[in-house]
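# Residue-level structural notes
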Amino acid sequence: MKQKEKLYFVGYFLVFPLIFITSFLLWVFVIKGNELWTVMTDALSIIGIYYILTSIIFGFVMRK
């Protein structure tokens, strides 16, 4: 069971955020042509909210 929890942790806290930031940068900075600083602050703000919500949910689910 511990191995499954580690995979969930790696997926939710490392893989998904990296995929999101990469795709967000490609879409908004490269394709749409917005400024890099604006794109990075938007992406990091969304990731910050995601980490807060995911940490709360992950804490309740893994406590069971």
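All residue numbers here refer to positions counted from 1 along the written sequence of the relevant chain. At least 70 in pLDDT is required for a residue's local features to be given in this predicted model, at least 80 for side-chain atom pairs to be given and counted, and no such filter applies to totals for whole chains, interfaces and linings, which use all residues. Side-chain figures throughout are based on the complete set of non-hydrogen atoms in the structure, without hydrogens or water.

## Points about the overall build of the protein chain
Secondary structure follows DSSP: runs of H or I at least 4 residues long count as helices, runs of E at least 2 residues long count as strands, and numbering of each begins at the N terminus. When helices and strands are counted, the protein chain shows two helices and zero strands. Based on C-alpha atoms, the radius of gyration is set beside the globule rule, defined as 2.2 Å times the residue count to the power 0.38. Expected size for 64 residues packed as a compact globule is a radius of gyration near 11 Å; at 15 Å, the protein chain overshoots this value by more than 25%. When its C-alpha atoms are laid out on the principal axes, the protein chain stretches across 45 × 20 × 10 Å. A 1.4 Å probe rolled over the protein chains alone gives each residue an accessible area, and that area as a share of the maximum for its type sets the label: buried under 20%, exposed over 50%, partly exposed in between. Here the protein chain holds 64 residues, and the buried ones make up 16% of them. Under the convention used here, a 1.4 Å probe and the Shrake-Rupley method define accessible areas, while residue burial counts only the protein chains that appear. Of the roughly 5,200 Å² of accessible surface on the protein chain, a fraction of 75% belongs to carbon and sulfur atoms.

## Comments concerning the nonpolar core
Core analysis: the largest hydrophobic core is formed by six residues, namely Phe20, Phe24, Val28, Val39, Ala43 and Ile47. Secondary structure elements with two or more residues in this core: α1 (2-31) and α2 (36-63). To qualify as a nonpolar core, a set must consist of buried Ala, Val, Leu, Ile, Met, Phe, Trp, Tyr and Cys residues joined through side-chain atoms within 4.5 Å.

## Observations regarding the packing of aromatic side chains
Where two aromatic rings form a pair, the distance of their centres and the angle of their planes describe that pair. In this analysis, rings of Phe, Tyr and Trp, with Trp reduced to its six-membered ring, are considered paired at centre separations within 6.5 Å, and the interplanar angle assigns stacked below 30 degrees, edge-to-face beyond 60, and tilted for intermediate values. In this structure the tally under the stated criterion is eight aromatic pairs. Here a set of aromatic residues connected by ring pairs shows up, and it is made of Phe9, Phe13, Phe16, Tyr50, Tyr51 and Phe58.

## Observations concerning α2
Multiply 1.5 Å by the residue count of a helix minus one, and that product is the helix's expected span. The end-to-end C-alpha distance of α2, which contains 28 residues, comes to 39 Å, matching closely the 40 Å that a straight helix rising 1.5 Å per residue would cover. By definition in these notes, contact holds between two residues if any of their heavy atoms fall within 4.5 Å. Of the surrounding elements, those touching the buried residues of α2 are α1.

## Observations concerning the environment of Met62
Along the chain, Met62 turns up in helix α2. For the pair Met62 and Asp42, spaced 20 residues apart in sequence, the C-alpha to C-alpha distance is 30 Å. Contact partners of Met62, with chain neighbours within four places excluded, come to Glu5 and Tyr8.

## A word on α1
For α1, built from 30 residues, the straight-helix expectation of 44 Å at 1.5 Å per residue is met to within 8% by its first-to-last C-alpha distance of 41 Å. In this scheme, the bend at a residue equals the angle between the axes fitted to the seven residues that finish there and the seven that begin there. The sharpest bend along α1 comes to roughly 40°, located at Gly11. Every buried residue of α1 is listed here: Phe13, Pro17, Phe20, Phe24 and Val28. Close packing links the buried residues of α1 with α2. Downstream of α1 by one or two residues, Gly33 has phi in the positive range, about 80°.

Purely spatial values, then, with no claim about function.
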